[in-house]
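# Topology and contacts: notes
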Amino acid sequence: ASHPLLRAFKANKASFGAWLTLPGTFPARTLAQASPHLDWVVVDCEHGLIPLVPGAAESVTAIQDARQGGGPSAIVRIPATGVTASTSWQIKHALDAGARGVLVPMVSTGEKAKEVVADSRFPPVGRRGFGSPFTHGIWGVTVPEYLKSANDNVLVMVQIETKEAVENVREIAAVDGIDAVFIGPYDLSISLGYPPPSPDPHPEVEKVIQKICQEAHAVGKKCAIFCISGAQGAERAKQGFDMINVTTDTGSMAEGIAKHLSNALGQ
Ligand code: 3PY
């Protein structure tokens, strides 16, 4: 199966994705098939309604199987906020589900970022355990091939969305094995004492967002950001962001229905 997000990272090209919050194979497949330009999908087990176990496995498989096996890279956002005692088993389940990457919310120090990397990589790099009977099949490879390639193919991403994380962003991004830092503009705004974006972030938060991107790039890492529209996403791509969310399943559904009704009513 393909991994468009990794390809885009390697080619230094901005990639666009979308957020999946609804459980089950239908929403996952619908989203993944919506456009050949969709490079990745975040399966949201933090704020979305998708249970990590066994829900993520169902969503990840449906996403990656879409488009004749050429579907977007499925990235699982785990539920545990910050790095807690649950982070390790949640990363294990996300990756056993066949995810091409993990996204860990609210990682605020370099030490915590190191823990995330250790849980995501097989030895000798990390401490990820092996045992799933089906993970390799989701990637379309044999067990030895999976074990050989997983460390280089699984993308490890942490969210920068607290004041403390901003202070430590360079150290977090520089951690060996962290592929990208992901800005959550909503939590970041709240943590910095500003209202959430509506739809754009407060100018003071915007300065911090630009700084995070510069710091990540300064240590050779990618910077990702959550947006809620294609127009916002295009601006972020111009500014040099590498991985940009453009919409969510529920957001698009509501916007689409409202737009069609307005058209029907001639409004
Ligand atoms: C945030 O903006 O806080 C996010 O995590 C995006 O979902």
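Before any of the text, the structure's been laid out above.
All figures in this text were calculated on a predicted structure; none of them were measured in a lab. (Residues numbered from 1 in each chain as written. Predicted model: local features only at pLDDT ≥ 70, side-chain atom pairs only at ≥ 80, totals over all residues. Heavy atoms only, no water.)

What follows is about the overall build of the chain. In terms of regular secondary structure, the chain is built from 13 helices and 8 strands. The globule rule puts the C-alpha radius of gyration for 267 residues at 18 Å, and the 18 Å found for the chain is close to it. In terms of overall dimensions, the chain has a C-alpha envelope of 60 × 40 × 35 Å along the principal axes. A burial count over the chain gives 52% of its 267 residues as buried. Working note: accessible area of the chain is about 11,600 Å², and carbon and sulfur atoms make up 59% of it. When the 23 basic and 26 acidic side-chain charges of the chain are each reduced to a single mean position, those positions are 5 Å apart. (Helix = DSSP H or I, 4+ residues; strand = E, 2+ residues; numbered from the N terminus. Rg over C-alpha atoms; globule rule 2.2 N^0.38 Å. Buried < 20%, exposed > 50% of the residue type's maximum accessible area, 1.4 Å probe, protein only. Areas by Shrake-Rupley, 256 points an atom, 1.4 Å probe, with all protein chains shown as cover. Lys, Arg positive; Asp, Glu negative; His and termini not counted. Charge placed at Lys NZ, Arg CZ, Asp CG, Glu CD.)

What follows concerns the side chain of E206. Along the polypeptide, E206 turns up in helix α11 (residues 203-218). With residues up to four places along the chain from it excluded, the contact list for E206 reads P201, R236 and Q239. (Contact = heavy atoms within 4.5 Å.)

As a structural note, the neighbourhood of the ligand is formed by W19, R77, Q159, E161, G184, P185, Y186, D187 and F226. Between the ligand and R77, the relevant distance is 3.0 Å, taken from an oxygen atom to a side-chain nitrogen or oxygen of the residue. For the ligand, an oxygen atom lies 2.7 Å from a polar atom in the backbone of Y186. In isolation the ligand has 240 Å² of accessible area, and contact with the protein removes 92% of it. The leading source of residues in the shell around the ligand is helix α10 (residues 185-192), at 3 residues. Of the residues in the shell around the ligand, the class split is 4 nonpolar, 2 polar and 3 charged. (Near = heavy atom within 4 Å. Polar contact = N/O pair within 3.5 Å; in protein donor to acceptor, adjacent residues only side chain to side chain. Nonpolar A, V, L, I, M, F, W, Y, C, P; charged D, E, K, R; others polar.)

A word on the pairing of strand β4 (residues 101-104). Along β4, one buried face is formed by G101 and L103 and the opposite face, lined by V102 and V104, is buried too. As paired elements, strand β3 (residues 73-77) and β4 share 3 bridges and run parallel to each other. When the bridges of β4 are listed, V76 appears paired with V102. In the classification by handedness, the crossover that spans β3, the intervening helix α4 (residues 87-96) and the parallel β4 is right-handed. Here 4 bridges tie β4 to strand β5 (residues 155-160), and the two strands are oriented parallel to one another. Bridge pairing in β5 links L103 to M157. (Pairing = 2+ DSSP bridges. Right-handed = clockwise from strand over helix to strand, strands pointing away.)

Attention shifts here to helix α13 (residues 249-264). Over its 16 residues, α13 runs 23 Å from end to end, which matches the ideal 22 Å to within 8%, given 1.5 Å per residue. One or two steps after α13, the chain reaches G266, where phi turns positive at roughly 65°. (Expected span 1.5 Å × (residues − 1).)

Applying the stated rule across the entire model yields 6 aromatic pairs. For the pair F122 and Y146, a centre-to-centre distance of 6.2 Å together with 80° between the ring planes defines the contact as edge-to-face. On the criterion of sequence distance, the pair formed by F122 in the loop between α5 (110-120) and α6 (135-139) and Y146 in helix α7 (residues 143-153) is long-range, its members being 24 residues apart. This pair shows no difference in class: F122 is buried, exactly as Y146 is. Within the aromatic cluster, the residues linked to one another by ring pairs are W19, F182, Y186 and F226. Lying over the aromatic face of W139, R100 brings its terminal NZ or CZ to 4.1 Å of the ring centre. (Phe/Tyr/Trp six-rings, centres within 6.5 Å; stacked < 30°, edge-to-face > 60°. Lys NZ or Arg CZ within 6 Å of the ring centre and 35° of its normal.)

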